[in-house]
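One-letter residues, chain by chain:
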Amino acid sequence: MNSSDQRLPLTVITGYLGAGKTTLVNHMLRHAGGRRIMVLVNDFGDIAIDADLIESQDGDTLTLANGCICCSMGGDLFYALSDALDRQPRPDHLLIEASGVADPTRISETARAEPDLRLDGTIAVVDAVGFADRVADSRIGSSVVRQVAAADLIVITKSDLEEITELAKLKTQLAEFAPGARQLDANFGQVPLEVLLGGLPSAEVTARAHACSHHDHPDDHEDLYLRWSISGDFRYDRQTLRSLLENLPAGLLRLKGIVQFNADEGLGLVQVVGRRAEITSLSARFEGVMQTNLVAIGLKGQMEPADLDRLFA
Amino acid sequence: MQTVVYAARKIITMVPNRPEATHVAVRDGRVLAVGSLEEVSGWTSSDGGEQRLDETFADKVLLPGFVEGHAHMMAGGIWQFTYVGFEDRISPEGMLWEGLKDIDAVTQRLRQIESELAPGVPLIAWGFDPIFLTAHRLNRFDLDEVTRDRPIAVIHSNFHLMTVNSNALDLAEFDRNTDVMGVDRGEDGEPTGELQEMAAMFPVMRRLKIDIRSLARTDGGIRAYGKVCHRSGVTTATDLINDLPIEDVELIAAITGEEDYPARLVPVLNAHTAPADEIAAQALKLREMSTEKLRLGSIKIITDGSIQGFTARMRWPGYYKGPDHGIWNIPPEQLMTAVETLNAAGVHMHIHVNGDEASEVTIECVAQALTKNPNPDHRHVLQHCQLADAAQFRKIRNLGLCVNLFANHIYYFGDKHYELTVGPERAERIDACATALSEGVPLAIHSDAPVTPMGPLFTAWCAVNRVTPSGRVLGAAECISVEEALRAVTLGPAYTLHLDHEIGSIEVGKKADFTVLEDDPLAVDPMVIKDIGVWGTVLGGRLQPIS
């Protein structure tokens, strides 16, 4: 399904020092699943990649056995992005670990502006234990809030160390800073890669909508996550689709696929990460796919397949 | 051993016992003696060597060679683009580029340059300053009148904005459907052509191959920088952030090592590229590679953004008419670790602080670092340090820190700070040179070229007069004397670079580095010191007239 889109997907990982960004990055690299991920680490960054993943090191660049690479950004986003885009072969996914105080929108807006990049999403990592103190700190509070407010997905770490009531308070506070952003509990960064980086498997081509929880997904996240897909001759009005995407269930983390538009308006590529939705027009030459084909992943209990069926079928 | 005695109309020495003299004797590239002809002649007669009286400077005024303590090498290479600024400027090659006083003049110059370009080559201009051209905002229609057949990008003087034509907008695929922060749109919904900040400029810069970094890394860029320094009377100049890969160090060493390279360079290592312990090791290694005309071993850390960009970190009550309190460039905790590690390793630091919270946090970091690892004579420098108040200057003094204040900023951005960014009271204490001196802080002042033009006489003029384009005197109590300002562009910055034992004054034993002026800055009206002509410089006893 990615063959329609030559843009390099970019994910920004933001969060204050010690929140767990590096743990999350290591988790993503370990479970890259064939994607060649390129990680750019911000200034002063120790490239703290788990030693057993590293195959070789050349100056500031680490090469991993699974084809992923990690580089220091050297304090200059402009050149780091240019170099990533010019790299041969171009990586499958670009991951930027922003500095502990960086404004992530500076990076995400660059990805939105650059025609050869596609902003896949901004992931804020929040430390359940330390977050409140950081927000209250007059020197860094506004930076920390800015990071969360920019997020599409918020990964909450160390949530097992916090009292349930405190955790609930934290989630309410996060929802105030970032209305619509999806929140995930993740100890040790254990979140399925398809949530963090997209790349949902394409739906089976069937004539009717169905929940795909019966599919064989051999990982241990199944008790937390639910997958849904739809495939068939479903057509949408562009405006209606836009408003559909603005009213998705709160537990939906990602939605991706091809949609058919009404009349002769052709096909569109839909990508939703958390609260952010993008519809890109596809040319008619799009290979193979002739009809609507959407897949989603969300939090079990917070996303009902029946609701999605109702919305899209 | 030949000794040359230079007679001058006046020699301003920066030495208390004889602040002024008429003759200086030079031997082996160093100052042998300074005083009257009779006084300096004593040496030559006892030595038995040749002596010669040189009258080249008989009607000139000699100063210690100017030291530019905060500028950037790309101030040379930037001239490969077309200059379209408001003020007259002279290129490194000596060509006068008249200042452009309205948008018609800008487009006229662009048209002329455009007509000489090969097909397909983008037209790139720099130095445009909308502060001075207020009739209307430069836009794509103005530039489309020049041409739509090739991309045009006009980089604004602050390097944070650019204005482009329709051709360039098309290349970047910016149109009425573009909803990206910084892609300015008009009432009709179409992009105006103005692109603000990196995100919006990136697609254009990438496609037009505008590579600011490489401006400082080429043979031509390094040579052009030497010429920029020479024309402004500077004999020692910093390049205040450079990644300094070994091949670049070798190139700079080779070029500055040529006898006719007109200045000494002090490139400063970017500390943001690796963990602090690795940077410390690299800096100490670089220090060993220093030569007579290339000094290495210091590092730079950038803590916050700029005041005019509302990204400098501000204490309460924050910006006057702007959002929030600014943006850190690195987390305060990480700054603490870096400062402590580098200080412990004995590495000399230049730390960029613009807002008063950035200076406050940095002062705390240095205090902690010095408590753990006392480092006598460290001379770490707070660069810009534009909004420090008197209490901060007292702490700065107590910790042995130096400041290098951005005096040119008073003129270029003072009105904006008064009216918009920090408000009247704090604008008046911006770049508080008089407070720094009265509190006993070692002081330098700078241009940050190419952000503002290199020209120590202009920088001194700003610190002495503190006038803005609107005619305002911004904080009269912070004006300093001409003598103090001249010290802040010679011995002051030499001290901040640990070079005051070699340069910065005209004194026996020091390098014979002089700036040669056509008039006496201590005798003319202080409002015209910026207009005094520069004859050229003397570097290590070598006469370098501006041809």
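Residues numbered from 1 in each chain as written. Chains lettered and ligands numbered in written order. Predicted model: local features only at pLDDT ≥ 70, side-chain atom pairs only at ≥ 80, totals over all residues. Heavy atoms only, no water.

### Thoughts on the overall build of chain A
Then step 1. Helices and strands together make up the secondary structure of chain A, namely nine helices and 16 strands.
Then step 2. Counting only residues that meet the buried cut, chain A has 58% of its 313 residues in that class.
Then step 3. Residue pairs at least 24 apart in sequence account for 75% of intrachain contacts in chain A once pairs closer than 6 positions are excluded.
Then step 4. Per element, the accessible surface of chain A, about 12800 Å² overall, is 49% carbon and sulfur. (Helix = DSSP H or I, 4+ residues; strand = E, 2+ residues; numbered from the N terminus. Buried < 20%, exposed > 50% of the residue type's maximum accessible area, 1.4 Å probe, protein only. Contact = heavy atoms within 4.5 Å. Areas by Shrake-Rupley, 256 points an atom, 1.4 Å probe, with all protein chains shown as cover.)

### Things to note about the pairing of strand 12 (residues 161–164) of chain B
Along any regular strand, the residues point their side chains to alternate faces of the sheet.
All names here are of chain B.
Then step 1. Of the two faces of strand 12, both are covered, the one formed by Leu161 and Thr163 as well as the one formed by Met162 and Val164.
Then step 2. Bridge count between strand 11 (residues 152–156) and strand 12: three bridges; the pairing is antiparallel. Across the sheet, the residue bridging to Ile155 is Met162, located in strand 12.
Then step 3. In this antiparallel pair of consecutive strands, strand 11 and strand 12, the connection spans four residues, and Phe159 shows a positive phi of 65°.
Then step 4. Where strand 12 lies against strand 14 (residues 191–196), three bridges are found, and the strand directions are antiparallel. The partner of Leu161 across the bridge, within strand 14, is Gln196. (Pairing = 2+ DSSP bridges.)

### Remarks on the interface of chain B and chain A
Then step 1. Taken together, the contacts link 40 residues of chain B with 39 residues of chain A.
Then step 2. Contact with chain A buries surface across chain B, with B:Met198, B:Phe202 and B:Arg206 losing the most and accounting together for 19% of the total.
Then step 3. At the junction of chain B with chain A, the criterion picks out eight salt bridges.
Then step 4. A:Glu114 serves as the salt-bridge partner of B:Arg206, at 3.0 Å between the closest nitrogen and oxygen. (Buried area = accessible area lost by both parts, 1.4 Å probe. Salt bridge = Lys/Arg side-chain N within 4 Å of Asp/Glu carboxyl O.)

### Side note on the domain arrangement of chain A
Residues and elements named next belong to chain A.
Then step 1. Domain assignment breaks chain A into domain 1 (2–197) and domain 2 (210–312).
Then step 2. In this complex, domain 1 contributes 29 residues to the contact, which on the side of domain 2 involves 23 residues.
Then step 3. Carbon and sulfur atoms make up 46% of the surface buried where domain 1 meets domain 2, a total of about 2000 Å² over both sides.
Then step 4. The tally of links between domain 1 and domain 2 comes to four salt bridges.
Then step 5. Notably, a salt bridge pairs Asp120 with Arg254, separated by 2.6 Å at the nearest N-O pair.
Then step 6. If you look at where domain 1 meets domain 2, you find 15 residue pairs in polar contact (both at pLDDT 80 or more).
Then step 7. Looking at the side of domain 1 that touches domain 2, the elements with two or more residues in it are strand 7 (117–127), helix 5 (141–149), strand 9 (182–185) and helix 7 (193–197).
Then step 8. Tallied by class, the residues present in the side of domain 1 that touches domain 2 amount to 15 nonpolar, seven polar and seven charged. (Domains from an automatic or database assignment. Polar contact = N/O pair within 3.5 Å; in protein donor to acceptor, adjacent residues only side chain to side chain. Nonpolar A, V, L, I, M, F, W, Y, C, P; charged D, E, K, R; others polar.)

### Quick look at the environment of A:Arg36
All names here are of chain A.
Then step 1. Inspection of the secondary structure puts Arg36 in the loop between helix 1 (21–30) and strand 2 (37–41).
Then step 2. With 33 residues separating them along the chain, Arg36 and Ile69 place their C-alpha atoms 7.6 Å apart.
Then step 3. Leave out the neighbours within four places in its chain, and Arg36 touches Gly67, Cys68, Pro89, Arg90, Pro91, Asp92 and His93.

### Regarding the domain arrangement of chain B
Size of an interface, as often reported, equals the accessible area lost when the parts are brought together.
Residues and elements named next belong to chain B.
Then step 1. Segmenting chain B into domains produces domain 1 (3–59), domain 2 (86–156 + 160–211) and domain 3 (214–539).
Then step 2. Listed by partner, the interface residues are 18 residues for domain 1 and 22 residues for domain 3.
Then step 3. Counting the surface domain 1 buries against domain 3, the share from its top three residues, Met14, Val31 and Phe57, is 38%.
Then step 4. Where domain 1 packs against domain 3, one counts two salt bridges.
Then step 5. As a salt-bridge pair, Arg9 and Asp519 come within 2.7 Å of each other at their nearest N and O atoms.
Then step 6. Applying the counting criterion to the domain 1 and domain 3 interface returns eight residue pairs in polar contact (both at pLDDT 80 or more).
Then step 7. For the side of domain 1 that touches domain 3, the elements supplying multiple residues, two or more each, are strand 1 (3–12), strand 2 (20–27) and strand 3 (30–35).
Then step 8. Looking at the side of domain 1 that touches domain 3, its residues break down into 10 nonpolar, three polar and five charged.

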